[in-house]
Amino acid sequence: MLSEAEIADPNDTYYPEQVWYTIAAFLFVVGCFQWGSLVHSKFAGRRYYESDEETVAINDISYRFSLRRIPVAIINFYRVVAFRWTLELGKSYTLNMAEVFVTVAYITLLLIYAFINTTFEGQKLDVVYWSNRTAILACSQFPIITALGTKNNFVSLITGISYDRLNYIHRMMARTCFMLLCVHVAGEMIWFPSSFATLNQDWVRAGIIAMVAFLILILVSLRPVRSGVYELFFYIHFVGVMMFLVGGYYHTAGAYNDTHGVQGSYWIWPSFVFWAFDRFVRAVRLVVFNYSYFGFKSGTGTMDASTELLAENVVRLRLHRPPHFHWSPGQAVYLTMPSVSTLPFEAHPFTIASLDSSLMSTARTEDQSGSGENCETQVLGSSAPFWKELVFLVNVHGGFTKKLKKVAAAKGEVKVFVDGPYGSSPDLASYDTSVFVAGGSGVSYTLPVFLNVIENVRKEKSSCKRVVFIWSIRGVEHLRWIEEALIKAVQLAPSSLAISIRIFNTGSPLTEDSNPLNLTEKPGTPGQVATKDSLTSSTLLSLRGVKMESGRSDLDALLKEEVSIASGSMSVSVCGSHGIARAVRKALRFPVSGPSSILSGGPSVTLYVESFGYA
C-alpha cells in the first residue's frame, strides 16, 4: 500500500489557491457594489426631490409609466428577490435568498474542487485523492473563517459590510469545512485500515484533539445554545478555537512533512495573525477610550455607569462618554463589566440608544404644540442623556444580564470598559420618506437613527419630507424609556418635515385602575389618543402626529399605506423580533416594490434589517 508521501497530488496545492482566487473575485465584486452604492448615496442623492412628469406631490399622486425608470426597477427587483424573499427554517430562523445563494455556491465550489481529477489507476473518485484533498481545502479556508469571526477584519474593509452581518457567513463556512474534515477522517479510515495503530504518534493525536474541539464548537454555535447560554458559548468558543487551530497546525505539519511541499500548516498559521491583530486593535481601543482606568488621567470613575430598572426585564445603562469617543446612529459597542461578569474580560454587545450630537441640546425649539416658551422648558431634563451620554437599553435574560438587573434594582453603579463602536450606520439623507419599525428594546436601534434624520433635515443635509416612527410595546409604562426624547425630537423638527409616531400597546388595555401612567381618555378625541396628569406625557400624546393604540400593529397595512402616499425614494429600518422582521419583509415584496410599481412612478424602497439579540 502506498504511503501518503507517495500519493501526494500537486493539485492539492493548486486547487486551494484557485478557490481563494474565486473567493477574492467575489469579494471584489461585492465591494464594488457596496462602496459604489455608498458613494452614490453620499454625493448623488444630497438634493431635495424634484417632481417631474413621473412623480407629483404626496397629496396628489397620479403616477405615469416611464421607461426611464427601468434601472431603478431592476435594482428594486434584485432587492426583493435577494433580501426579502426568504427560506423559513422553523419559527425563528430565516435565511434570505442572498444567503441561500452564497451558501449553495460555496458548498458547490468546495465539493467540485474536492472531487475533480480523482481518478487513480482507472478508478474514478478514488479515495487516494479526495481523502487528502478535502483536508487541504478545509485548511485553506481557516484564515478567512477566523477573520470573519473577528470584529476588525479585512473582509469588512473590502466589502464595506460590517462584521455582524458577516457572522452568518462565518458560521456557514466553518460548518462546511467541518463536513469536509469528516469526509477526510472517513477516507483515512477506509484507505488506511490500520490507522488506529498510529494513535501513538503525536501528529495523529493532535488531529483527534482538533476534530473533537471543532465538533464542540459546531454544537455550541447552534442558535438555541448561542442565544440561550451566551456565556457558555463565549467561554467554549474562546478556548475551543485555540485548541482546534493549534491541534490542526501540528497535525498537518506532521502528516505532510516533506511531502512535495504540500503542508496544511501553510494555510493555518495566518489564522493566528488575524486573531492576534483583532485582539491588538481591541486592546488599543480599550486603553484609548478608557484611559482614566489606566492611570493616564487624574481622577477615577469617569467611566462609571449608572443603572436603572425600567421594567421587569429591561435595564437602562448610562455613562458619560469620553470626549474623543464618537459613533454613528445604529452602531453598537462591546461592554466589559468586571464586577458583574463571571470572568473579568467578558465583553457583551449592546446597541447605543443615544445620538452623538450636541445640536438637539442647544437648538432653539420649533414649537408644534402651541405652548410657547413653557413647552421648551418641558422638554429639557431627562432627555439630555440621549444626546450627551452613552445610553443602553438592556434586555434581561440570564447570566450576565440577570446579574446586571440586581445591580439596577439597587440603582447601583458599575465600572464599564467600552470597546467600539462597531457595525454600520444607514445613510438615509437621500430618502424622501423614512419609516422606522421597532419592537420593545429594538428601539435602541431605531431611536438614534430617527433623531439623526431630524437633525440632518434641520441642517439641510437631508431631503427627507416625511418620517414615520412605529413602536410596539408590551405595556404603556414602557413609553417612559424614550418619552422625553420623542417630545424633544418632535418639537425640534422643522415645519417642512412631516412626523408620524405610532405607538402600539400589545399588553393589557388601558384602564383607570391598571394604568401606571394615570392615563385618561381625552374628551372629544378617539379612544386611542390619551393624556396623563403629569406634564411630560400630556405633552407627548398631544403633539401633532403622535398616536397610541391598543393591540398589535398591522405592519402590512401600515407599510403599504406609506408606500401608496410616498414619492421618490423610501427607506424602511426595522429592529425587533423575528416575527416583526418577517412581517416587514413580506409587506415590501411584490407587487409593492415590483417592477410595475416602479415603472409607474412608485417609490423605490430600501429595507434595513437589524438583527435582534445575539448574532
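Residues numbered from 1 in each chain as written. Predicted model: local features only at pLDDT ≥ 70, side-chain atom pairs only at ≥ 80, totals over all residues. Heavy atoms only, no water.

Participant: I'd like a description of the overall build of the chain, backed by residues and values.
Facilitator: Across its full length, the chain holds 21 helices and 17 strands. Within the chain, the fraction of its 615 residues that count as buried is 51%. Here the contacts in the chain between residues at least 6 apart in sequence split such that 77% fall between residues at least 24 apart. Total accessible area on the chain stands at roughly 28300 Å², and carbon and sulfur atoms take up 61% of it. (Helix = DSSP H or I, 4+ residues; strand = E, 2+ residues; numbered from the N terminus. Buried < 20%, exposed > 50% of the residue type's maximum accessible area, 1.4 Å probe, protein only. Contact = heavy atoms within 4.5 Å. Areas by Shrake-Rupley, 256 points an atom, 1.4 Å probe, with all protein chains shown as cover.)

Participant: I'd like a rundown of the side chain of Thr-176, residues and numbers included.
Facilitator: With respect to the helices and strands, the residue Thr-176 is situated in helix α7 (residues 167-191). Excluding residues within four positions of it along the chain, Thr-176 makes contact with Tyr-106, Ile-107 and Leu-110.

Participant: Pulling in residues and values, what's your account of unusual backbone geometry?
Facilitator: Here the residue pair Gly-420 and Pro-421 is connected by a cis peptide bond, since its omega of 0° sits within 30 degrees of zero. For Pro-421, the position within the fold is in strand β9 (residues 417-422). A positive phi angle, near 55°, is found at Lys-411, a position not held by glycine. Looking at where Lys-411 falls in the secondary structure, it is placed in the loop between α15 (400-409) and β8 (413-415). Lys-411 sits in the exposed class, given a relative accessible area of 66%. Not every positive phi belongs to a glycine, and Glu-460 is a case in point at roughly 60°.

Participant: Give me empty space enclosed by the protein: which residues, what numbers.
Facilitator: By the definition in use, this model includes 1 cavity of 30 Å³ or more. Estimated volume of the largest cavity: approximately 40 Å³. For the lining of the largest cavity, the secondary structure elements donating two or more residues are β11 (466-473), β12 (498-505) and α19 (555-565). At 3 residues, α19 tops the list of elements feeding residues into the lining of the largest cavity. Its residues assigned to classes, the lining of the largest cavity comprises 3 nonpolar, 1 polar and 3 charged. (1 Å grid on protein atoms, 1.4 Å probe; cavity = no way out; pocket = protein on both sides within 12 Å on 5 of 7 lines; lining within 4 Å. Points joined across faces, edges and corners; volume = space filled by probe spheres on them. Nonpolar A, V, L, I, M, F, W, Y, C, P; charged D, E, K, R; others polar.)

Participant: Report on a nonpolar patch on the surface, specifying residues and quantitative values.
Facilitator: Taken together, the side chains of Val-246, Tyr-249, Tyr-250, Tyr-266, Trp-269 and Val-273 make up a nonpolar region of the molecular surface, amounting to roughly 620 Å² of accessible area. Contributing elements (two or more residues each) for the nonpolar patch: α10 (230-255) and α11 (265-289). With relative accessibility at 30%, the residue Tyr-249 sits in the partly exposed group. (Patch = residues over 30% accessible without salt bridge, like charges linked within 9 Å, V, L, I, M, F, W, Y side chains within 5 Å. Salt bridge = Lys/Arg side-chain N within 4 Å of Asp/Glu carboxyl O.)

Participant: Could you give an account of the sheet that holds strand β7 (residues 389-395), naming the residues involved and the relevant values?
Facilitator: Here we have 4 strands laid out as an open sheet, ordered β7-β4-β3-β8, and antiparallel in their pairing. The outermost strands of the open sheet, each flanked by one partner alone, are β7 and β8. Direction aside, neighbouring strands of the sheet carry axes that sit 30° apart on average. The pairing of strand β4 (residues 314-320) with β7 spans 7 bridges and is classified as antiparallel. For Val-314, the partnering residue across the bridge sits in β7 and is Asn-395. Contacting β3 (304-311), β4, β7 and β8, α15 runs over the sheet at an angle of about 90° to β3. (Pairing = 2+ DSSP bridges. Axes fitted to C-alpha atoms, helices over the stretch in contact; angles between N-to-C directions.)

Participant: Before we move on, can you summarise the packing of helix α4 (residues 127-140) against α7 with the specific residues and values?
Facilitator: Think of two packed helices as two axes; the pair is described by the angle between the axes and how far apart they sit. The interhelical angle for the contact between α4 and α7, taken along N-to-C directions, is 150°, at an axis separation of 8 Å. Between α4 and α7, the angle is such that the two are roughly antiparallel. At the point where α4 passes α7, the crossing takes the left-handed sense. Contact residues: α4 offers Val-127, Val-128, Trp-130, Ser-131, Asn-132, Thr-134, Ala-135, Leu-137 and Ala-138, while α7 offers Cys-177, Leu-180, Leu-181, Val-183, His-184, Gly-187, Glu-188 and Trp-191. Classifying every residue of the contact of α4 with α7 by side-chain character gives 11 nonpolar, 5 polar and 1 charged. (Parallel < 35°, antiparallel > 145°, perpendicular 65-115°, else oblique. Left-handed = near helix turned anticlockwise from the far one by under 90°.)

Participant: If you had to explain the nonpolar core to someone new, which residues and values would you point to?
Facilitator: Core analysis: the largest hydrophobic core is formed by 46 residues, its most contacted members being Leu-447, Phe-450, Phe-469, Trp-471, Ile-482, Ile-499 and Ile-501. The element best represented in this core is helix α16 (residues 443-458), accounting for 9 residues. Ignoring anything within four residues of it in the chain, the contact list for Phe-469 reads Phe-436, Val-443, Thr-446, Leu-447, Phe-450, Ile-482, Leu-486, Ser-500, Ile-501 and Arg-502. Of all hydrophobic cores here, the second largest spans 43 residues; its members include Leu-27, Ile-144, Ala-174 and Ile-218. (Core = buried A, V, L, I, M, F, W, Y, C linked by side-chain atoms within 4.5 Å.)

Participant: Report on the packing of aromatic side chains, specifying residues and quantitative values.
Facilitator: The geometry of an aromatic ring pair comes down to the distance between the two centres and the angle between the two planes. According to the stated counting rule, one finds 26 aromatic pairs in the structure shown. Ring geometry for Tyr-78 against Phe-83: centres 5.7 Å apart, planes inclined by 85°, an arrangement best described as edge-to-face. Between Tyr-249 and Tyr-250, the aromatic rings sit 5.6 Å apart at their centres with planes inclined by 90°, giving edge-to-face as the arrangement. A relative accessible area of 53% means that Tyr-250 is categorised as exposed. Among the aromatic residues, those joined into a cluster by ring pairs are Tyr-230, Phe-233, Phe-234, Tyr-235, Phe-238, Trp-275 and Phe-345. It is Arg-282 that lies over the ring of Tyr-334; its NZ or CZ is 5.2 Å from the centre. (Phe/Tyr/Trp six-rings, centres within 6.5 Å; stacked < 30°, edge-to-face > 60°. Lys NZ or Arg CZ within 6 Å of the ring centre and 35° of its normal.)

Participant: Summarise the side chain of Thr-146; cite the residues concerned and give the values.
Facilitator: Assignment of secondary structure puts Thr-146 in helix α5 (residues 142-148). Owing to a relative accessible area of 13%, Thr-146 belongs among the buried residues under this scheme. Within the local environment of Thr-146, its side chain forms a polar contact with the backbone oxygen of Phe-142, the two atoms lying 2.8 Å apart. Dropping the residues within four chain positions of it, Thr-146 is found in contact with Leu-245, Ser-271 and Trp-275. (Polar contact = N/O pair within 3.5 Å; in protein donor to acceptor, adjacent residues only side chain to side chain.)

Participant: Outline the packing of helix α3 (residues 97-115) against α4, supporting the account with residue identities and numerical values.
Facilitator: Packing of α3 against α4 leaves a shortest axis separation of 8 Å and a crossing angle of 140°. Taken as a pair, α3 and α4 cross one another with a handedness that is right-handed. Contacts from Leu-110, Tyr-113, Ala-114 and Phe-115 in α3 reach Trp-130, Arg-133, Thr-134 and Leu-137 in α4. Split by residue class, the contact of α3 with α4 holds 6 nonpolar, 1 polar and 1 charged.

Participant: Before we move on, could you go through the environment of Phe-115 and cite the residues and values that matter?
Facilitator: The topology assignment puts Phe-115 in helix α3. The partly exposed category is assigned to Phe-115, whose relative accessible area is 30%. For Phe-115 and Tyr-129, which are 14 residues apart along the polypeptide, the C-alpha to C-alpha distance reads 8.1 Å.

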